[in-house]
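# Structural features, examined
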Amino acid sequence: MPIASGPLTTIAGVFLLLGWMALAFLSIGRFRRSQTSIVPIRPAGALVLSGPYRYTRNPMYVSLVLLTIACGLFFSTWWPMVLLVPTLALVQQFVILPEERYLRRRFGTEYDNYTRRVRRWL
């Protein structure tokens, strides 16, 4: 399933790659400043609400979506984007939903208020 390659495809890929880098580094930086782990199976020491977390509850996952699409553009194939849909469904079901249940137990009303203000994805 090839994508027509050319300068516009490359430029789009570069912008997505830059978006991935910015979002990933800003998100990880917020976790480090809050002295909490980015590893989902480790206990959360703090609820991170600033930086990219003001706009999406999952900026690290959103950054990986940008990276996946960029790779598809760079390799001139639709396959990464096609496979992204079922992958995201699995991530949401088996990673994000358990994370949210944990955060709700850990941070209670503060997390509930956050989920009302900020969307899961975008």
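Once a new chain begins, its residue numbering starts again from 1 and follows that chain's sequence as written. Restriction of local features to residues with pLDDT of at least 70 applies here, the model being predicted, together with a cutoff of 80 or more for giving and counting side-chain atom pairs; totals for whole chains, interfaces and linings are based on all residues. Just so you know, side-chain values use all the structure's heavy atoms and leave hydrogens and water out.

## Regarding the overall build of the protein chain
The secondary structure content of the protein chain amounts to 4 helices and 0 strands. Under the scheme used here, helices are H or I runs from DSSP no shorter than 4 residues and strands are E runs no shorter than 2 residues, and both carry numbers assigned from the N terminus. In the protein chain, the order of α-helices and β-strands from amino to carboxyl end is α-α-α-α. Counting only C-alpha atoms and orienting by the principal axes, one finds that the protein chain spans roughly 50 × 25 × 25 Å. Only protein chains enter the accessibility calculation, which uses a 1.4 Å probe. A residue is then buried if its area is under 20% of the maximum for its type, exposed if over 50%, and partly exposed in between. Counting every position in the protein chain, which comprises 122 residues, the buried fraction comes to 32%. Nonlocal contacts in the protein chain, meaning residues at least 24 apart in sequence, comprise 70% of its contacts between residues at least 6 apart. Here, two residues are considered to be in contact whenever any of their heavy atoms come within 4.5 Å of each other.

## Describing the packing of helix α1 (residues 7-33) against helix α2 (residues 59-74)
Helix axes are fitted only over the stretch in contact, all axes being lines through C-alpha atoms; the angle between N-to-C directions runs from 0 to 180 degrees. Relative to each other, α1 and α2 sit at 160 degrees, their axes nearing to 8 Å. Relative to α2, α1 is oriented roughly antiparallel. Note on packing geometry: the crossing formed by α1 with α2 is left-handed. Polar here means any residue outside two lists: the nonpolar Ala, Val, Leu, Ile, Met, Phe, Trp, Tyr, Cys and Pro, and the charged Asp, Glu, Lys and Arg; Gly therefore counts as polar. Classifying every residue of the contact of α1 with α2 by side-chain character gives 19 nonpolar, 6 polar and no charged. Each angle is binned into one of four classes, with values under 35 degrees roughly parallel, values over 145 roughly antiparallel, values of 65 to 115 roughly perpendicular, and all other values oblique. Crossings are sorted by hand: turned counterclockwise from the far helix by less than a right angle, the near helix makes the crossing left-handed, and turned clockwise it makes it right-handed.

## Some remarks on the pattern of salt bridges
We count a salt bridge whenever a side-chain nitrogen from Lys or Arg sits within 4 Å of a carboxyl oxygen from Asp or Glu. Taken as a whole, this structure holds 3 salt bridges when the rule is applied. Between R120 and E100 there is a salt bridge, with the nearest N and O atoms lying 2.7 Å from each other. Of this pair, R120 sits in the segment after α4 (109-117) while E100 sits in helix α3 (residues 79-107), and the two are 20 residues apart along the sequence. Given a relative accessible area of 8%, E100 falls into the buried group.

## A look at the side chain of N58
The residue N58 is located in the loop between α1 and α2 in this model. Beyond its immediate stretch of four places on either side in the chain, N58 contacts I96, E99 and R120.

## Here's the deal with a nonpolar patch on the surface
Only residues above 30% relative accessible area that lack a salt bridge enter a patch, with like-charged residues linked at up to 9 Å and the nonpolar side chains Val, Leu, Ile, Met, Phe, Trp and Tyr linked at up to 5 Å. Note on areas: Shrake-Rupley, 1.4 Å probe, and residue coverage restricted to the protein chains presented here. Judged by side-chain polarity, L8, I11, V14, F15, L18, M21, F25, F74 and F75 come together as a nonpolar surface patch covering roughly 990 Å² of accessible area. The element contributing the most residues to the nonpolar patch is α1, with 7 residues. In this fold, M21 is placed in helix α1. Judged by its relative accessible area of 33%, M21 is partly exposed.

## With respect to α3
The span expected for a helix works out to 1.5 Å for each residue beyond the first. Helix length check: α3, at 29 residues, gives a terminal C-alpha distance of 39 Å against a target of 42 Å (1.5 Å per residue), a fit within 8%. Bend is the name given here to the angle between axes fitted to two runs of seven residues, the run ending at a residue and the run starting at it. Bending of α3 peaks at approximately 40 degrees at the position of Q92. Considered for burial, the residues of α3 that qualify are M81, L84, I96, E99, E100, L103 and F107. Among the structural elements, α2 and α4 are those in contact with the buried residues of α3. G108 sits one or two positions beyond α3 and adopts a positive phi of about 55 degrees.

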